[in-house]
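# Structural overview
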Amino acid sequence: MNDCALFHPPETDGTKMKSSKGVILLFLALIFKVEKYTQMFLIELEIEKSTYLDVTRILRDSTPINMSNSIFVTEINKTADCTLDVKQKNCSCMQGYTWSKDILQKHDDCKGETCLLEAEETAVCLSDKRVSISGSTVMEDFDCKILCYDKNKNPEEYNTLFQKIMNKLVERYSTLPYFDSLIINGFSEGSVIVDYTVQLLGPVPLDQLVNLAKSLNKSELVTTGLINIEIPEAQPIDIGSMANITCTPPERLGEVKWFLTNGNNKTTPITYGVEANLANSSLTDIFALNNISGSWEGTFTCMYTQGSIVHKASKELDIALLPEIRARSNPQFPDCRRGTKNVKCEIECTIPYSTENYTIKWDDGLSDQVSQIQGKFVSYKAVKIIDCKMKEQTVKISCTFTNTRSKLLRNKMEIVYIHIIDDNSTVCEGDLGWPTTKSNYNASMLCDNSAFGLKTKECKGTWQKEISSCVNEDLHVLQNDVEELNKGIGLIEEDAKQIFERLKTSTTIETFNSFSNINTSIVIFGVMNKISLRQYHHWNDTVMHDLVNSASNVLNKTEAWKNPANPNDTNLSVTYLQNIEGMVSNSNLSSGVPYKYENVQLSLCNGSCTTLDARVDMANGVAVVAFRNLYEILPQPESQMNATSNTTILSVTNVNNTNVTEVNLRFDYSKKRLPNHLMYCVFWDVNQSRWSEEGCTWGGADNADLCTCNHNSAFTILMSKTEEKLPYMKLLTYVGLGISIVSLVICLIIEILIWDTVVKSDISNFRHVAIFNICLCLLLADCGFLASAEPEKIPNWCFILTIVKHFFFLAVFFWMLCLSFVILHQIIFVFDHLRKKVFVGLSITLGYVCPILCVAITLITFENGAVGNYYSEKTCWLVYKGRLKGSIFAFVLPVGTIVFINLFTLAVVIMKIVTPTVSEAKARDEKDVAKSMIKTIVFLSPVLGITWIIGFFLMDIDLTKKALAYFVNYTFTILNSLQGFFILLTNCLGEKKVREALQKRFKGSKRSAHSKTESSTKMTSSVMKK
């Protein structure tokens, strides 16, 4: 056996073999071992039929055969047997062997068990377990200049180097059993990288192959033939059926990787999906398909990696497809009005272009036309003549596509319903491309440009709003790609970045903002998240920029989120929120740099982070997503909250295996909180599909921007639409004012009745003038208050009543100031009495001129008394907009100043009582002093307005503080609504001189009446006597 014979046997089916000639009966494969090399030869063996069994037994038991000291026949295998005729022989391959490619190409009838060959032709059957190795080995000892570049090739040098490399490789590979040939395919740079193919005509032990790979420097090997792959034999298989592809290695080789190569020769990794599942049993790995779609047609490959060796096996799966059909009629509504006898109607059924040879069948009576290819679609048309005299109002027409290759599911049908318009029909006339349409039916149009879907418009006597399901072409293609990924075709780890890049681009184009496009984008978000969970993939920083950017883009125009078919449907926004939260929850972020876009921002928080107009505190290892416009499209809070939101929604999610259970959130929106309005800290309860307060606490009026929650979710803060109400407050106010008004009227009557009797000096005159004017102004102010009790019933009087109340309440306090000045002057300047002219000038100026100036300046300052600036239509009173904001301070500041001056006066009076003169010191005891102090406070407080000091606490005590607010408000209301009653008790009936004057007045009246009676009696008697 020479070297040439060893390395280059004659070719058969791309392989090289030696053969001996004789009378043919058996074909044997002899494996020779020459030192450490192996070689296989095919031998034709002539035997008699009668000796067949004996010969095969001897051949089976005769190995190994020692040919010489260095040559052994290690195996003798039967590959084929033949029965010989005169000119032909009928041959069949033995079990475990198949016909070579040369035989199959030459003889079409050799695909079965037997094959009819020429008498002189060699029956070449090859082992089913033959192995092919594609190798790449680095040869560092050789120069690439000669081997790698054609321009540097010197034939002699090239051939020498080529042969050296060949010998070196053959020396290694010929040690493998069943070695047949080695072909060098080319050279490339990197020292010298040799690409080659090795053919083995039988299996090779894996440990021997591993040792060979280790002995080769920097080698990568890919084997085919070692893995046994099985695929359904009965092909093609039907759409919607099930199939298992199995791969069985000779021993456990670790995790298997699966690939699918489609008709466009694109190879994609495949894994778990809605139509695919992975399993294994012992050595066998199973790729299970269920509800198969046409996407799975192609070549399946399983791959095992063993160090630098990759073991592959491939087989093709053929699927009998059925098309997606889109059917339409033209015209959509045949018009049989105005005596029309017949209407020609064209029916069009369109399917995607495919290599499948479908047959189409129409209903009887339709004339078929030639199909037309329109881009990526094939259109089939037929004509139906509508007889306008028939009674039926609706004609049903179907087109059926049949795939003869299918076994069970052979047909797919689409039905077109044609509604006929007659003289009795109500219609919507054609407009702007829309056809004349019968009432209570929908007209449809294809989408503009290259968008996918339909536009529909309902006719209900008049045209209704157009509803579009059109999706931009790029977004539609992206959705299809994502659906392929969802089926299991592709790995999200490899495809996610380009998918989100495409989604970002699709959501920025001018025509994006429509409900259908937004809906498709959100479907993509949801499907991508499901795929990531199924494939145990975590979103990382490489995709987050495009993901967050895309999520922001879909919120650019929230009005486009309204479902045209159901404007009140908010499910899309809820789905969007849940999808984004799910994706963030399934992320593995490391970058501390926030992802900031116009409507959505994502931050990885460590301690505190601010995003949009909100902040999250005390949160380590959480991801915070802030949504700017989402509140506009999410469901509104339930009616019992009576609240609204106009701020950022914060989604707080644990990431990177953290477990934060309490977060503090701060919302700038709380700065817009109106006084006495509750704020609600709420989260979106996924289980109940509503906003809920459970587990969240508001920080209260003193910490209005704070929300503390003991769980993670999507949070926001809501403001109550109405301010807090105090129970029975109106009732108390109106009852108190009623009592006060009656008391003030009585007080004024008393002052008039006892004026001449009581007012004997300038001091008493000054005091009673002040009290009279205080009562008069307070009476008019209280009447104005009661008149504006229901502002909605007197909208035209609200402005006037506000001015009336503003003026007279100010006048009350300015007259109180006059009284305070009189008391102070009397105490401080004991011997210098206040002149009457000075008092009159002072009291008129303070009592009426100052209030008029205050009201006038306020009106001018607040846009000439504009509603909402000077006064509120809801209260018919001045406006409060916050601390030192609003027209209310044109009342509060002067009143506050006066009350504090009067409080000073009261303090001076009390000090005078506490520190009597030297002559009085011994005569008075402490009890008398205390009684005098209490009496002074009780008598002076109502007429000096001291009780109004409680009102200043109302400015800072929010009604949301509950207990404290209740105490202060009820105290203020009771004391000041009854102010007129207290004035009556303390400064009229409570004053001794007034009581005595009233007694004298009434006693004098009784005596006068009695005297008149006696005089009348006497006169009557006298007359009678006369």
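Since this is a predicted model, take the numbers as computed values, not measurements.

A word on the state of the cysteines. Across all of its chains, the model carries 13 disulfides by this definition. Covalent S-S linkage joins Cys-336 and Cys-388, the inter-sulfur distance amounting to 2.1 Å. For the disulfide bridge between Cys-336 and Cys-388, the dihedral angle about the S-S bond is near -70 degrees, and by the sign convention the bridge is left-handed. With Cys-336 in the loop between strand S25 (326-330) and strand S26 (342-352) and Cys-388 in the loop between strand S30 (377-387) and strand S31 (394-402), the pair connects residues that are 52 residues apart, well separated along the chain. As far as the burial class goes, Cys-336 and Cys-388 line up, both buried.

With antiparallel pairing, the three strands of this open sheet are ordered in space as S35-S36-S37. Taken across any chain shown, the strands that pair with only one partner, and hence form the sheet edges, are strand S35 (441-446) and strand S37 (463-468). Neighbour-to-neighbour, the strand axes of the sheet open up by a mean angle of 20 degrees, direction not taken into account. In this structure, strand S36 (residues 454-459) lies alongside S37, joined through four bridges in antiparallel fashion. By the bridge assignment, Cys-459 is partnered in S37 with Trp-463.

Right, let's talk about the nonpolar core for a bit. Counting residues in hydrophobic clusters, the biggest one holds 90 residues, and the most contacted among them are Tyr-173, Leu-182, Tyr-196, Trp-296 and Phe-300. Here this core takes seven residues from helix H5 (residues 155-173), the largest share from any one element. Among residues more than four places away in sequence, those in contact with Trp-296 are Leu-260, Ile-270, Glu-275, Ala-276, Phe-287, Leu-289, Leu-317, Ile-319, Lys-487, Gly-488 and Ile-489. Val-543, Ile-580, Cys-681 and Ala-714 belong to the second largest nonpolar core, which has 82 residues in total.

To continue, consider the pattern of salt bridges. A complete count under the given rule lists 21 salt bridges for this structure. A salt bridge links Arg-252 to Asp-285; its shortest N-O distance comes to 3.4 Å. You can see Arg-252 sitting in the loop between strand S17 (243-248) and strand S18 (256-261) and its partner Asp-285 sitting in strand S21 (residues 284-289), a full 33 residues away along the chain. Judged by relative accessible area, Asp-285 falls into the buried class, the value being 6%. The structure contains a network of salt bridges with shared partners spanning Asp-335, Arg-337, Arg-338 and Glu-429.

Moving on, we come to unusual backbone geometry. Backbone torsion omega between Gln-235 and Pro-236 reads 0 degrees, so that peptide bond is classified as cis. Mapped onto the fold, Pro-236 is located in the loop between strand S15 (228-230) and strand S16 (237-238). Going from Asn-330 to Pro-331, the amide bond is cis rather than trans, its omega being 5 degrees. Note on placement: Pro-331 falls in the loop between S25 and S26. A positive phi angle, close to 50 degrees, is found at Leu-432, a residue other than glycine.

Moving on, we get to the packing of helix H12 (residues 729-758) against helix H20 (residues 963-977). Remark: H12 packs on H20, axes separated minimally by 8 Å, with the N-to-C direction vectors making an angle of 20 degrees. It follows from the interaxial angle that H12 and H20 lie roughly parallel. Judged by the sense of rotation from one axis to the other, the crossing of H12 with H20 is right-handed. Touching Met-729, Leu-732, Thr-733, Gly-736, Leu-737 and Ser-740 of H12 are Asn-969, Tyr-970, Thr-973 and Ser-977, all from H20. Split into classes, the residues belonging to the contact of H12 with H20 amount to four nonpolar, six polar and no charged.

A contiguous nonpolar surface patch, about 570 Å² in accessible area, is contributed by Tyr-728, Leu-731, Leu-732, Val-735, Ile-739 and Ile-974. Here the element with the most residues in the nonpolar patch is H12; it accounts for four residues. With respect to the secondary-structure elements, Leu-732 resides in helix H12.

What follows covers the sheet that holds strand S12 (residues 179-189). Taken in spatial order, the eight strands make up an open sheet running S12-S13-S11-S14-S23-S22-S18-S19, and their pairing is mixed. Among the strands making up the open sheet, the edge pair consists of S12 and strand S19 (267-270). Adjacent strand axes in the sheet meet at a mean angle of 25 degrees when their direction is disregarded. Where strand S22 (residues 298-306) and strand S23 (residues 309-317) come together, nine bridges link them in antiparallel fashion. Bridging across to S23, Gly-298 finds its partner in Leu-317. Against the sheet, H5 engages strand S11 (131-138), S12, strand S13 (192-200) and strand S14 (219-224), with an angle of about 130 degrees to S12. In the packing of helix H6 (residues 206-215) onto the sheet, contacts are made with S11, S14, S22 and S23, and the angle to S23 comes to roughly 125 degrees.

Now for the packing of aromatic side chains. Tallied over the entire structure, the rule returns 34 aromatic pairs. Summarising the aromatic geometry, the rings of Phe-813 and Phe-891 are spaced 6.4 Å apart at their centres and angled 80 degrees between planes, so their arrangement reads as edge-to-face. Of the two residues, Phe-813 is situated in helix H14 (residues 798-828) and Phe-891 in helix H16 (residues 889-914); the sequence distance between them amounts to 78 residues. Judged by centre distance (5.0 Å) and plane angle (90 degrees), the rings of Phe-813 and Trp-948 are edge-to-face. One end of the pair, Phe-813, is in helix H14; the other, Trp-948, is in the loop between helix H18 (926-944) and helix H19 (949-956), and 135 residues separate them in sequence. The residues Phe-813 and Trp-948 share a single accessibility class, namely buried. Feature note: the residues Phe-809, Phe-813, Trp-877, Phe-891, Trp-948 and Phe-972 constitute an aromatic cluster, connected by ring pairs. Above the face of the Phe-377 ring, Arg-326 is positioned so that its terminal group lies 5.7 Å from the ring centre.

What follows concerns helix H9 (residues 515-534). With 20 residues, H9 extends 28 Å between its outermost C-alpha atoms, agreeing within 8% with the 28 Å of an ideal straight helix rising 1.5 Å per residue. Summarising burial for H9: 15 of the 20 residues are buried, a large majority. At the exit of H9 stands Tyr-536, carrying a positive phi of roughly 55 degrees.

Bringing helix H7 (residues 473-487) into the picture now. When the terminal C-alpha atoms of H7 are compared, their 21 Å separation across 15 residues agrees well with the 21 Å that a helix rising 1.5 Å per residue should span. Within H7, burial applies to Leu-475, His-476, Leu-478, Gln-479, Val-482, Leu-485, Asn-486 and Lys-487. Count one or two residues on from H7 and you reach Gly-488, which has phi positive near 120 degrees.

Further remarks concern the side chain of Arg-337. Inspection of the secondary structure puts Arg-337 in the loop between S25 and S26. For Arg-337, the side chain forms a polar contact with the side chain of Asp-335, separated by 2.8 Å.

Scoring rules and cut-offs
Residue numbers here run from 1 along each chain, matching the order of that chain's written sequence. pLDDT decides what is reported in this predicted model: residues at 70 or higher carry local features, side-chain atom pairs at 80 or more are listed and counted, and totals for whole chains, interfaces and linings draw on all residues regardless. Water and hydrogen atoms play no part in the side-chain values, which are based on all heavy atoms of the structure. When the sulfur atoms of two cysteines come within 2.5 Å, that pair is taken as a disulfide. Strands here mean DSSP runs of E at least two residues long; helices mean DSSP runs of H or I at least four residues long; both are numbered from the N terminus. Whether a residue is buried, partly exposed or exposed follows from its accessible area with a 1.4 Å probe, protein chains only, as a fraction of its type maximum: under 20%, in between, or over 50%, in that order. Pairing between strands is defined by DSSP: at least two bridges between the two strands are required. What counts as an axis is a line fitted to C-alpha atoms, over the stretch in contact for a helix, and the angles between N-to-C directions run from 0 to 180 degrees. What is meant by a nonpolar core is a set of buried Ala, Val, Leu, Ile, Met, Phe, Trp, Tyr and Cys residues, joined one to another through side-chain atoms within 4.5 Å. We call two residues contacting when some pair of their heavy atoms lies within 4.5 Å. Within this document, salt bridges are pairs made up of a side-chain nitrogen of Lys or Arg and a carboxyl oxygen of Asp or Glu, the two lying within 4 Å of each other. Angle categories are assigned with fixed cut-offs, so that under 35 degrees is roughly parallel, over 145 is roughly antiparallel, 65 to 115 is roughly perpendicular, and the rest are oblique. Here a crossing is taken to be left-handed if its near helix is turned anticlockwise relative to the far helix by less than a right angle, and right-handed if that turn runs clockwise. Here the term charged refers only to Asp, Glu, Lys and Arg, the term nonpolar to Ala, Val, Leu, Ile, Met, Phe, Trp, Tyr, Cys and Pro, and the term polar to all other amino acids, Gly among them. Each patch is built from salt-bridge-free residues with over 30% relative accessible area, joining like charges within 9 Å and nonpolar side chains (Val, Leu, Ile, Met, Phe, Trp, Tyr) within 5 Å. Note on areas: Shrake-Rupley, 1.4 Å probe, and residue coverage restricted to the protein chains presented here. For this analysis, a ring pair means two rings from Phe, Tyr or Trp (six-membered ring only for Trp) whose centres lie within 6.5 Å, classed as stacked if their planes differ by under 30 degrees, edge-to-face if by over 60, and tilted for the remaining angles. Here, a charge over a ring means that NZ of Lys or CZ of Arg falls within 6 Å of the ring centre while also lying within 35 degrees of the ring normal. Expected helix span is computed as 1.5 Å times (number of residues minus one). Identification of polar contacts relies on pairs of N or O atoms within 3.5 Å, with a donor-acceptor requirement for protein atoms, meaning one able to donate a hydrogen and the other able to accept it, and with residues adjacent in sequence counted only if both atoms are side-chain atoms.

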